[in-house]
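Residue-level listing of the chains:
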Amino acid sequence: MMKKTFLLILLCLSWMTTQAQTFANEYLKELGTCIGLQQFEGLKPGVYTHLRYRQRPLSVRVNQWNEIEHIGLLLFPQGIRAARPMPVYDFLERYLLSRNAIPANSEYGTKLAWENVHFATGSYQTALSLDTTCMFSESHVDLKVYKVAWKKSGKKVLEMSFLMDWQLLVGCNAKELEASLFKNLQRTVRRGKTDTPLSLPVDGTEYKQEGKSFIMPLINNNLYFSRPNTDAPWTLTSSPQKPARSITNILLSEAATTPLKVHITLNRYGLRTYSCTIDYRIFLQYCQDEGCIAYCGIKEKTETEYRCTVLMVNQLGGYAHLLSIDVPVSVLEKDSDAISQARIHSYIPLHNVTAQMAESNEYEPVN
């Protein structure tokens with residue numbers, strides 16, 4: 001009898017464990033606790049608007065890994081989010097809920113009160129009177145600051161300004177962001193390629209599609225196309241005879257067909273490191289899904305490899321990932337054992353990247 005009772009207790013504990021909802025970070029777990037964890041039990045991947053705080057509908061999103069990655073007041077309809085994706089939606093919904101729900105004398109409450117968020121009209125309590133029908137406006141100074149406002153019946157009721165600081169926008173510190181990046185890179189699945197319509201010339205067999213540059217002309221996202229004759233279709237250049245162009249294409253385009261494995265390392269505090277070996281396209285895909293634009297520059301070439309810098313720049317998040325990557329030329333010979341070595345500096349404020357890179361004159365043109 002005792003044995004059966006013990007087994008029953010174990011089964012109940014196991015069931016409770018599988019039912020427990022997980023959160024993408026500790027901040028969201030704290031916020032969920034303040035609202036009532038029972039509301040979040042059993043949620044599957046998707047977006048939910050039926051949960052409540054003080055009778056106000058909430059916006060809750062569960063990611064593909066069954067983690068709650070967003071909790072906030074429901075302030076923005078999904079149509080607006082889809083039409084113009086921006087990180088401020090999640091931040092505003094979560095921050096305004098947090099200021100109302102998290103006790104001011106708690107550790108998180110104290111941190112919230114010290115954040116660089118300023119109210120010109122109204123206060124965080126005003127947010128409890130807002131809904132998705134209110135008129136919302138947003139403006140920002142590139143890489144610096146956001147200003148947002150809501151109107152009801154034509155009257156401005158809430159206006160806020162805050163720094164374009166990714167740690168503020170997502171509610172995580174630098175260590176948490178680094179850990180999250182590597183965790184997500186290792187569990188992200190590469191999706192199929194999507195064809196983007198291109199306007200390519202009728203004549204010629206070599207073509208450079210001019211992109212944009214970042215900081216300096218030699219750090220850019222130009223792509224290179226070629227074909228054997230004018231009757232053949234254009235393809236991204238991928239040839240041992242054109243190594244610089246080919247490697248640039250691999251580092252910038254999801255459509256590049258040459259496989260590339262990369263071992264990424266990040267130096268942490270106390271001489272510890274994060275590292276993982278993944279398909280480079282996973283890294284590119286993940287950064288683009290974050291809202292980043294890729295730029296590439298070639299720093300040095302040897303007989304066996306090209307030493308490059310990849311910058312993943314998030315203009316609306318105010319940060320960049322800086323990847324220093326050494327690409328073996330043998331990848332262009334379809335060497336399946338070739339692995340690029342890379343070092344990453346993640347979630348760097350953009351003004352810091354500019355200061356670091358502006359002094360460099362080590363980059364070479366792509367020929």
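Thresholds applied
- Residues numbered from 1 in each chain as written.
- Predicted model: local features only at pLDDT ≥ 70, side-chain atom pairs only at ≥ 80, totals over all residues.
- Heavy atoms only, no water.
- Core = buried A, V, L, I, M, F, W, Y, C linked by side-chain atoms within 4.5 Å.
- Buried < 20%, exposed > 50% of the residue type's maximum accessible area, 1.4 Å probe, protein only.
- Contact = heavy atoms within 4.5 Å.
- Axes fitted to C-alpha atoms, helices over the stretch in contact; angles between N-to-C directions.
- Helix = DSSP H or I, 4+ residues; strand = E, 2+ residues; numbered from the N terminus.
- Parallel < 35°, antiparallel > 145°, perpendicular 65-115°, else oblique.
- Left-handed = near helix turned anticlockwise from the far one by under 90°.
- Nonpolar A, V, L, I, M, F, W, Y, C, P; charged D, E, K, R; others polar.
- Pairing = 2+ DSSP bridges.
- Disulfide = S-S within 2.5 Å.
- Arc of directions from axis to C-beta.
- Polar contact = N/O pair within 3.5 Å; in protein donor to acceptor, adjacent residues only side chain to side chain.
- Phe/Tyr/Trp six-rings, centres within 6.5 Å; stacked < 30°, edge-to-face > 60°.
- Salt bridge = Lys/Arg side-chain N within 4 Å of Asp/Glu carboxyl O.

Q: Please explain the nonpolar core as it appears in this structure.
A: Nonpolar side chains in soluble globular proteins tend to be buried together. Residues Ile71, Trp150, Phe162, Leu251, Tyr280, Phe283 and Ile325 are the most contacted members of the largest nonpolar core, which totals 92 residues. Once residues lying within four places of it in the same chain are set aside, the contact partners of Tyr280 are Ile250, Leu251, Leu260, Val262, Val310, Met312, Leu323 and Ile325. Within the second largest apolar cluster, 11 residues are counted, among which are Tyr295, Leu311, Leu322 and Leu350.

Q: Explain the packing of helix α8 (residues 243-252) against helix α9 (residues 280-290) here, please?
A: Working note: a packed helix pair is described by the angle between its axes plus the distance between those axes. Two elements in contact, α8 and α9, have axes separated by 8 Å at closest approach and are oriented at 50°. In terms of orientation, α8 lies oblique with respect to α9. Residue-level contacts link Ile250, Leu251 and Leu252 of α8 to Tyr280, Arg281, Leu284 and Gln288 of α9.

Q: It is not clear to me how the packing of helix α2 (residues 26-35) against helix α4 (residues 88-101) should be interpreted in this structure. Could you clarify?
A: α4 packs onto α2 with a crossing angle of 50° between their chain directions and a minimal axis gap of 10 Å. Between α2 and α4, the angle falls in the class oblique. α2 and α4 meet at a crossing whose hand is left-handed. In contact with Tyr27, Leu28, Leu31, Cys34 and Ile35 of α2, α4 contributes Arg94, Leu97, Ser98 and Ala101. For the contact of α2 with α4, the class distribution of residues is 7 nonpolar, 1 polar and 1 charged.

Q: How do you make sense of the pairing of strand β20 (residues 339-349) when you look at a structure like this?
A: Each regular strand shows side chains that alternate between the opposite faces of the sheet. Relative to β20, strand β15 (residues 261-267) runs parallel, the two sharing 5 bridges. Residue pairing for β20: Val262 is matched across the bridge by Ser340. Relative to β20, strand β19 (residues 319-328) is paired through 7 bridges, and the arrangement is antiparallel. Of the residues in β20, the one forming a bridge with Tyr319 is Pro349.

Q: Is there a simple way to explain the sheet that holds strand β14 (residues 235-236) in this structure?
A: Adjacent strands of a sheet pair through backbone hydrogen bonds, lying either parallel or antiparallel. The strand order across the open sheet built from 3 strands is β10-β13-β14, with neighbouring strands paired in antiparallel fashion. Each edge of the open sheet is held by one strand with a lone partner, namely β10 (206-209) and β14. Contacts from α8 reach β10, β13 (223-226) and β14, with the element oriented near 120° to β13.

Q: Looking at this model, I keep getting lost on the state of the cysteines. Mind explaining?
A: Simply put, disulfide is the name for a covalent bond between the sulfur atoms of two cysteines. Considering all chains together, one arrives at 0 disulfides under this definition. Cys296 provides the cysteine sulfur closest to Cys308, a residue in no disulfide bond, and the two sulfurs are 4.9 Å apart.

Q: Got a minute to help me understand α2 in this structure?
A: Two residues of an α-helix separated by three or four positions point the same way, owing to the 3.6 residues in each turn. Of all the residues in α2, the buried ones are Tyr27, Leu28, Leu31, Gly32 and Ile35. Within α2, the buried residues cover an arc of 135° as seen down the axis, which keeps them to one side. Considering only its buried residues, α2 is in contact with β1 (22-23), β3 (52-53), β4 (56-62), β5 (67-73), α4 and α5 (107-114). One side-chain oxygen of the residue at the start of α2 lies 3.2 Å from the amide nitrogen of Tyr27, identifying that residue as Asn25.

Q: Help me understand the packing of aromatic side chains in this model?
A: The way to describe two aromatic rings as a pair is by their centre distance and the angle between their planes. Under the counting rule described, the total for this entry stands at 16 aromatic pairs. With a centroid separation of 4.9 Å and an interplanar angle of 55°, the aromatic rings of Phe76 and Tyr89 are classed as tilted. On the criterion of sequence distance, the pair formed by Phe76 in the loop between β5 and α3 (78-83) and Tyr89 in helix α4 is long-range, its members being 13 residues apart. Of the two residues examined, Phe76 and Tyr89, each falls in the buried class. An angle of 35° between the planes, with centres 5.5 Å apart, marks the rings of Phe214 and Tyr295 as tilted. With Phe214 in strand β11 (residues 213-214) and Tyr295 in strand β17 (residues 293-301), the pair connects residues that are 81 residues apart, well separated along the chain. No difference in accessibility class separates Phe214 from Tyr295, as the two residues are buried.

Q: Just to check I follow, could you spell out the pattern of salt bridges for this structure?
A: Oppositely charged side chains can pair when the atoms bearing their charge come close. One pass over the full model with this rule turns up 17 salt bridges. Of the charged contacts, one joins Arg81 and Asp90 as a salt bridge, the two residues approaching to 2.9 Å between their closest N and O atoms. With respect to burial, Arg81 and Asp90 carry one shared label: buried. Between Arg191 and Asp289 there is a salt bridge, and its shortest N-O distance comes to 3.0 Å. Of this pair, Arg191 sits in the loop between α7 (174-187) and β10 while Asp289 sits in helix α9, and the two are 98 residues apart along the sequence.

Q: Mind showing me how you'd approach the side chain of Asn63 here?
A: Position of Asn63 among the secondary structure elements: in the loop between β4 and β5. A polar side-chain atom of Asn63 sits 2.9 Å from the main-chain amide nitrogen of Trp65.

Q: So what exactly am I meant to see when it comes to the environment of Glu290 here?
A: In this structure, Glu290 sits in helix α9. Assessed through its relative accessible area of 19%, Glu290 is described here as buried. Glu290 sits 27 residues away from Gly317 along the chain, and the two C-alpha atoms are 9.1 Å apart. Those residues in contact with Glu290 that lie beyond four places of it in its chain are Asn314, Tyr319, His321 and Tyr347.

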